[in-house]
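# Notes for the structure review
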Amino acid sequence: MTEALLFLVRAVADLFVMFVLLRLLMQTFRADFRNPLAQAVLQITSPLIIPARRLLPPIGKFDTATIAVALIVEFAFLLFVNWVFFGGAFGVLQLALFSVLRCLSLTIWLMVFVLFVYVILSWVSSGYNPATAIVHSLAEPLLRPVRRIIPLVGGIDFSPMVLILLLMALNMVISSELPGILG
């Protein structure tokens, strides 16, 4: 029963945090927010981010409210897990560190997912559609530095595969710092 509860709470928390992180990535990479998919992300995340912006204005290019919402939701999830599964064994500072690590891990998984979709869409997509536009605007800035190092080989672009492998290795390092149930 508790494992099912953990699964449900974790799924909802992770999904919402991923939407918040997607919003942050779209802002960072200047995605077109008139896109219907971007509008959906805005509608899902705005109920928490808009009020947070009143308290936390942006600092330069960093949207502190969006980052804070992601960390707070993740912290609330970890507080719940700490209370239910660990009997309060972890302190507030440990949970705050775990929140940062899990948000980093979720960001990496989100980027890996975007890159997979980017590769698949490059094989099958013809013409414009909202998903292609968003994926392209998120993947291209990630791939650009890798493409400078790894040239095309026989007309094939290996940069997505290399970047996915690097991101997954980085995620393994980050996840190794989390307790098993949280990783």
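So, a few notes on the structure that sits alongside this text. (Residues numbered from 1 in each chain as written. Predicted model: local features only at pLDDT ≥ 70, side-chain atom pairs only at ≥ 80, totals over all residues. Heavy atoms only, no water.)

Relative to each other, helix H3 (residues 64-85) and helix H4 (residues 92-124) sit at 120°, their axes nearing to 9 Å. Comparing the axis directions of H3 and H4 gives the class oblique. Between H3 and H4 lies a crossing whose hand is right-handed. Between H3 and H4, the contacting residues are Ala70, Leu71, Glu74, Phe75, Phe77, Leu78, Leu79 and Asn82 on the first element and Val92, Leu95, Ala96, Phe98, Ser99, Val100, Arg102, Cys103 and Leu106 on the second. (Axes fitted to C-alpha atoms, helices over the stretch in contact; angles between N-to-C directions. Helix = DSSP H or I, 4+ residues; strand = E, 2+ residues; numbered from the N terminus. Parallel < 35°, antiparallel > 145°, perpendicular 65-115°, else oblique. Left-handed = near helix turned anticlockwise from the far one by under 90°. Contact = heavy atoms within 4.5 Å.)

Right, let's talk about the side chain of glutamate 74 for a bit. Inspection of the secondary structure assignment puts glutamate 74 in helix H3. Of the polar contacts made by the side chain of glutamate 74, one reaches the side chain of arginine 102; its length is 2.4 Å. Residue contacts for glutamate 74: discarding those within four places in its chain leaves Asp14, Val17, Ser99, Arg102, Cys103 and Leu106. (Polar contact = N/O pair within 3.5 Å; in protein donor to acceptor, adjacent residues only side chain to side chain.)

Glancing now at the pattern of salt bridges. Under the counting rule described, the total for this entry stands at seven salt bridges. The closest approach of N and O atoms between arginine 147 and glutamate 140, which form a salt bridge, is 2.7 Å. Arginine 147 gets classed as partly exposed once you look at its relative accessible area, which sits at 28%. Its relative accessible area of 14% is what places glutamate 140 among the buried residues. The network of salt bridges with common partners includes Arg10, Asp14, Glu74 and Arg102. (Salt bridge = Lys/Arg side-chain N within 4 Å of Asp/Glu carboxyl O. Buried < 20%, exposed > 50% of the residue type's maximum accessible area, 1.4 Å probe, protein only.)

Here the focus is helix H5 (residues 130-149). Since the α-helix turns once every 3.6 residues, residues separated by three or four places project in the same direction. In this model, H5 (20 residues) spans 30 Å end to end at C-alpha, consistent with the 28 Å of a helix rising 1.5 Å per residue. Where H5 bends most, the angle comes to about 35°, and this point is leucine 143, followed within four residues by the proline proline 145. Along H5, the residues that are buried comprise Thr132, Ile134, Val135, Ser137, Leu138, Ala139, Glu140, Leu142, Leu143 and Val146. Regarding H5, its N-cap is asparagine 129, as a side-chain oxygen of that residue lies 2.9 Å from the backbone nitrogen of alanine 131 further along. (Expected span 1.5 Å × (residues − 1). Bend = angle between axes of the 7 residues up to and from the residue.)

Moving on: the environment of isoleucine 49. On the secondary structure map, isoleucine 49 appears in helix H2 (residues 36-55). The spacing of isoleucine 49 and asparagine 171 is 122 residues in sequence and 26 Å in space, taken between C-alpha atoms. Once residues lying within four places of it in the same chain are set aside, the contact partners of isoleucine 49 are Val20, Arg23, Ala65, Thr66 and Val69.

One finds Val17, Met26, Val69, Leu115, Leu138, Leu163 and Leu167 to be the most contacted residues of the largest nonpolar core, which totals 46 residues. Contributions of two or more residues to this core are made by helix H1 (2-28), H2, H3, H4, H5 and helix H6 (159-175). A per-element tally of this core places H4 first, with twelve residues. Among all residues touching leucine 167, those that are not within four sequence positions of it are Ile108, Met111, Val112 and Leu115. (Core = buried A, V, L, I, M, F, W, Y, C linked by side-chain atoms within 4.5 Å.)

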